[in-house]
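Structural overview for review
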Amino acid sequence: MKILVCISHVPDTTTKIKFINNNTALDTAGVQWIINPWDELALTRALDIKDAQAGAIESVTVINVGLVETEPTIRKALAIGADKAIRVNLEPKDSFVIATQLAEVIKKDNFDIILCGIEAADGNGSSVGGMLSEMLDIPSVSATTFLDIENGQVKLQREIDGGHEVIATQTPFIAIVQKGICKEPRIPSMRGIMGARSKPLQVIEPVTADSLTELVNYEYPKSKAACRKVDAENVKELVQLLHEEAKVI
Amino acid sequence: MNFEYTEEQIMIQQAAKDFAERELLPGIIERDEKGEFAKEQMKKLAELGFLGMMADPKYGGGGMDTISYVLAMEEISKHDSAAAVVMSVCNSLVNWGLETYGTEEQKEKFLKPLARGEKIGAFLLSEPEAGSDATSQRTTAEDKGDHYLLNGTKNWITNANSASTYIVIAQTHPDKKHKGINALIVDKNTPGITLGPHENKMGMRSSDTHSVMFNDVKVPKENRIGDDGFGFSFAMKTLDGGRIGIASQALGIASGAFERALKYSKERKAFGTEISNHQAVAFKLADMVVKIENARNLCLKAAWLKDQHLPYGFASAMAKQYAADIAMEVTTEAVQIHGGYGYVKEYHVERLMREAKLTQIYEGTSEVQKIVISRTILKD
């Protein structure tokens, strides 16, 4: 079996986000870029399965849609243990464009298991996995918290309200991965880091695809209101404020 | 001149940071309290290749440069210097010594398992009456034809219990003084080796430190490193590199204390505002960060010289003396910024202060570094 892990190149989750150009672009000055945390968990699970089932998994490939500056992030995935990587040479504009590019590669290369993080930590679109499933006409399992292969059979679990659903499916399929798929992302080993540059990183040109959405501008979240203290004796006022102002009851 | 790290160096720094935060920080207070060696964590650190990170890949090492080593040592030392000293002894002293001066047979037999992280090494130089003054070795390695017979006691030996491979510095020809000293590779399981109790130390309490006694320990002749009498020179050259490791450890202790003090100063309020808004605290933070930056630059300069195969003994002595001394100053100020909280264990800075003290003492005291530095500048 061949596993493909789709990885996004996102700002470190502790980044202080600033926008420029009339709030239409992220200020990337000083930003440290990382593998999207959900994608990193997906990659870790793929590698764990490969390690546990020597021979059952032929390869783990990572793919990213991005320009050359995403290559350090891709090489981090190679350092962690992916066997090879593909970069589609295109600045990702929206989920549809990304999914179109990924689908083209997957159609040609016959991957059996395709893993996507449930969302990207920057755009939080949560849509590439579902779009890919539609474009490729293969099943997808959302919010996957468990994935394993037992005697050639794929077993998945997905999160549902208050519990889990156990799912079996045929390959090829897409698992949209949620936290819980593995305990922690893998730390690359020293040899993995030093060997990352010698692993194949194939750069392919994109197919034509138009964005279906347009980013108008970003808005900062409203700053938190100041804390208001209500006298301990005045329960009525507290209830009224919670009801009318905070609208939580 | 280029101050940028490579992609690999950044990855190593991040890997060390992740490992330290995830694996070493939880439980450090208890390990420190009990003086407990982080056995499981060391196994994981070894599996990731940190213990053999600079050794040549042909011997199973990571093949990384000294800059990467400085970055990794700093990150690990921010949280657990006792773990960092295992890394330092293995990389800078034992592996480097074997790789640089060992025969191919010695490298095959002893370096490979060390570089792969399957075994831990220890460097046995200090004695009850020979610490920084390494010329006065009392431990003897009597030449018995096909083997040496080791007798004597080594003190303050890091990794003494956890190591499998020792490099022992001992006197073979007392009449030749330091030119009669040899460096021998000794299997810890050789009959005649006994360990003293675990040292109950002020800091780095979970580091595995013991005295090691040799009583008629037979060491095959082929385990001698270099020519007869090379041992003192071997020890001095090895310690030049060791200083980069300890300097980086001191740097990590200082930056770990600084990061905690910075965070605390922005949270803790006094007189109606965060204490970082008080100039008395803000200036302390400014002084700390300048010292840390200086120490980091000295460490990186020494590492760069070593990587360029240029002389680095002077640079590593400066890095070690300065980083150790500022680690003591910075950790003391970090405790001061934390006030009463700094004096209790949960906030880590008191531990870092205790750890900083050792960096001014081992692998050549700050005073010995000043001897090296002053002799270098005065020799012409």
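This one's a predicted model, so the numbers in the text were calculated from it and none came from an experiment.

Parameters and conventions
- Residues numbered from 1 in each chain as written.
- Chains lettered and ligands numbered in written order.
- Predicted model: local features only at pLDDT ≥ 70, side-chain atom pairs only at ≥ 80, totals over all residues.
- Heavy atoms only, no water.
- Helix = DSSP H or I, 4+ residues; strand = E, 2+ residues; numbered from the N terminus.
- Rg over C-alpha atoms; globule rule 2.2 N^0.38 Å.
- Buried < 20%, exposed > 50% of the residue type's maximum accessible area, 1.4 Å probe, protein only.
- Contact = heavy atoms within 4.5 Å.
- Areas by Shrake-Rupley, 256 points an atom, 1.4 Å probe, with all protein chains shown as cover.
- Lys, Arg positive; Asp, Glu negative; His and termini not counted.
- Charge placed at Lys NZ, Arg CZ, Asp CG, Glu CD.
- Core = buried A, V, L, I, M, F, W, Y, C linked by side-chain atoms within 4.5 Å.
- Domains from an automatic or database assignment.
- Patch = residues over 30% accessible without salt bridge, like charges linked within 9 Å, V, L, I, M, F, W, Y side chains within 5 Å.
- Salt bridge = Lys/Arg side-chain N within 4 Å of Asp/Glu carboxyl O.
- Phe/Tyr/Trp six-rings, centres within 6.5 Å; stacked < 30°, edge-to-face > 60°.
- Axes fitted to C-alpha atoms, helices over the stretch in contact; angles between N-to-C directions.
- Pairing = 2+ DSSP bridges.
- Buried area = accessible area lost by both parts, 1.4 Å probe.
- Polar contact = N/O pair within 3.5 Å; in protein donor to acceptor, adjacent residues only side chain to side chain.
- Nonpolar A, V, L, I, M, F, W, Y, C, P; charged D, E, K, R; others polar.
- Expected span 1.5 Å × (residues − 1).
- Bend = angle between axes of the 7 residues up to and from the residue.

To continue, consider the overall build of chain B. Scanning chain B for helices and strands turns up 11 helices and 9 strands. A compact globule built from 380 residues should have a C-alpha radius of gyration of about 21 Å, and chain B, at 21 Å, falls within 12% of that. Across its three principal directions, the C-alpha atoms of chain B cover 80 × 50 × 40 Å. Counting the 380 residues in chain B, one finds 57% classified as buried. Pairs at least 24 apart in sequence give 74% of the contacts found in chain B among residues at least 6 apart. Summing over all exposed atoms, chain B offers an accessible surface of approximately 16,100 Å²; the carbon and sulfur share of this is 53%. Across chain B, the centroid of the 46 positively charged side chains sits 2 Å from that of the 52 negatively charged ones.

Time to look at the nonpolar core. Taken as a class, soluble globular proteins show a tendency for nonpolar side chains to be buried jointly. Formed by 80 residues in total, the largest nonpolar core has its most connected members in A:V5, A:L115, B:F50, B:M53, B:I76, B:L150 and B:Y166. No other element matches the 7 residues that helix α1 (residues 7-24) of chain B contributes to this core. Here this core gathers at least three residues from each of two domains, domain 1 (7-115) and domain 2 (121-232) of chain B. Setting aside anything within four residues of it in sequence, one finds A:V5 in contact with A:D39, A:A42, A:L43, A:A46, A:V60, A:T61, A:V62, A:I63 and A:L115. Grouped together as the second largest cluster of nonpolar side chains are 67 residues, B:I167, B:M204, B:L285 and B:L305 included.

The next point concerns a nonpolar patch on the surface. Taken together, the side chains of A:V235, A:L238, A:V239, A:L242, A:V248 and A:I249 present a nonpolar region at the surface, about 510 Å² in accessible area. Classification of A:V239 as partly exposed rests on a relative accessible area of 42%.

Inspection of every chain in the model, using the stated rule, returns 40 salt bridges over all chains. Note that A:E71 and A:R75 form a salt bridge whose closest N and O atoms lie 3.5 Å from each other. Pair noted here: A:E71 and A:R75 are both in helix α2 (residues 71-80), with a separation of 4 residues, about one helical turn. Here A:E71 and A:R75 have matching classes, each one buried. B:E75 serves as the salt-bridge partner of B:K78, at 3.1 Å between the closest nitrogen and oxygen. For the pair B:K78 and B:E75, a shared accessibility class is recorded, and that class is buried. The network of salt bridges with shared partners includes A:E71, A:R75, A:R87, A:R197, B:E7 and B:E8.

All names here are of chain B. As enumerated under the stated definition, the model contains 11 aromatic pairs over all chains in all. On the numbers, 5.8 Å between centres and 75° between planes, the contact of Y101 with F234 is edge-to-face. Taken together, the positions of Y101 in helix α5 (residues 81-101) and F234 in helix α7 (residues 231-267) put the pair 133 residues apart, joining distant regions of the chain. Overall, Y101 belongs to the partly exposed group, its relative accessible area being 23%. Look at F234 and you get buried, because its relative accessible area is 0%. Each member of the aromatic cluster is reached from another via a ring pair, and the members are W96, Y101, F123, F230 and F234.

Moving on: helix α10 (residues 349-359) of chain B. Residue and element names in this part refer to chain B. Taken across its 11 residues, α10 has 8 buried, putting it largely inside the fold. Among the residues of α10, those classed as buried are V349, E350, R351, L352, R354, E355, A356 and T359. Packing partners of the buried residues in α10 comprise α2 (28-34), α4 (66-77), α5, α7 and α9 (313-338).

Attention now moves to the packing of α4(B) against helix α8 (residues 279-307) of chain B. As a packed pair, α4(B) and α8(B) sit with axes 8 Å apart at the nearest point and diverge in direction by 150°. Two secondary-structure elements touch here, α4(B) through B:T66, B:I67, B:V70, B:L71 and B:E74 and α8(B) through B:R296, B:C299, B:L300, B:A303, B:W304, B:K306 and B:D307.

The next subject is the pairing of strand β12 (residues 173-177) of chain A. Looking down a regular strand, the side chains alternate between one sheet face and the other. Residues and elements named next belong to chain A. In terms of residue burial, β12 counts as a mostly covered element, since 5 of its 5 residues are buried. Burial along β12 is two-sided: the residues F173, A175 and V177 and I174 and I176 are all buried. Strand direction decides the pairing type here: strand β8 (residues 113-117) and β12, joined by 5 bridges, are parallel. Residue pairing in the sheet places I113 in a bridge with F173 of β12.

The next subject is the side chain of B:K188. Residues and elements named next belong to chain B. By secondary structure assignment, the location of K188 is in the loop between β5 (181-187) and β6 (193-195). Among buried charged residues, K188 stands out as having no salt bridge; its nearest opposite-charge side chain is D208, 7.0 Å away. Setting aside residues up to four positions removed in sequence, K188 forms contacts with A160, N161, A163, S164, Y166, I193 and L195.

Contacts between the two partners involve 19 residues from chain B and, on the opposite side, 16 residues from chain A. Considering only the surface of chain B that becomes buried against chain A, B:E7, B:M11 and B:R22 emerge as the three largest contributors, covering 37% of it. Taken together, the connections running from chain B to chain A amount to 4 salt bridges. Applying the counting rule to chain B against chain A returns 5 residue pairs in polar contact (both at pLDDT 80 or more). When the residues that make up the side of chain B that touches chain A are grouped by side-chain class, the tally is 9 nonpolar, 6 polar and 4 charged.

With that settled, the discussion passes to the domain arrangement of chain B. Residues and elements named next belong to chain B. Domains assigned within chain B are domain 1 (7-115), domain 2 (121-232) and domain 3 (239-378). With centres defined by C-alpha atoms, the gap from domain 1 to domain 3 works out at 20 Å. The partner domain 3 presents 32 residues to the 25 residues of domain 1 that form the contact. Taken together, both faces of the contact between domain 1 and domain 3 bury some 2,200 Å²; the carbon and sulfur share is 59%. Three residues stand out in domain 1 for area buried against domain 3, namely V70, E74 and K78, and they jointly supply 25% of the buried area on that side. Inspection of the domain 1/domain 3 interface yields 3 salt bridges.

Right, let's get into α5(B). Residues and elements named next belong to chain B. Taking 1.5 Å of rise per residue, the 21 residues of α5 would be expected to cover 30 Å, and the 28 Å separating its terminal C-alpha atoms lies within 8% of that figure. Along its length, α5 shows its largest kink, about 35°, at N95. Within α5, 18 of the 21 residues are buried, which leaves it mostly tucked inside the rest of the structure. Backbone nitrogen of A82 and a side-chain oxygen of the N-cap are separated by 3.1 Å at the start of α5; the cap is D80.

Residue and element names in this part refer to chain B. Inspection of the secondary structure puts D216 in strand β7 (residues 209-220). D216 gets classed as partly exposed once you look at its relative accessible area, which sits at 45%. Between the alpha carbons of D216 and Q369 there is a distance of 35 Å; along the sequence they are 153 residues apart. When neighbours within four sequence positions are excluded, D216 is seen to be in contact with L149, L150, N151 and P191.

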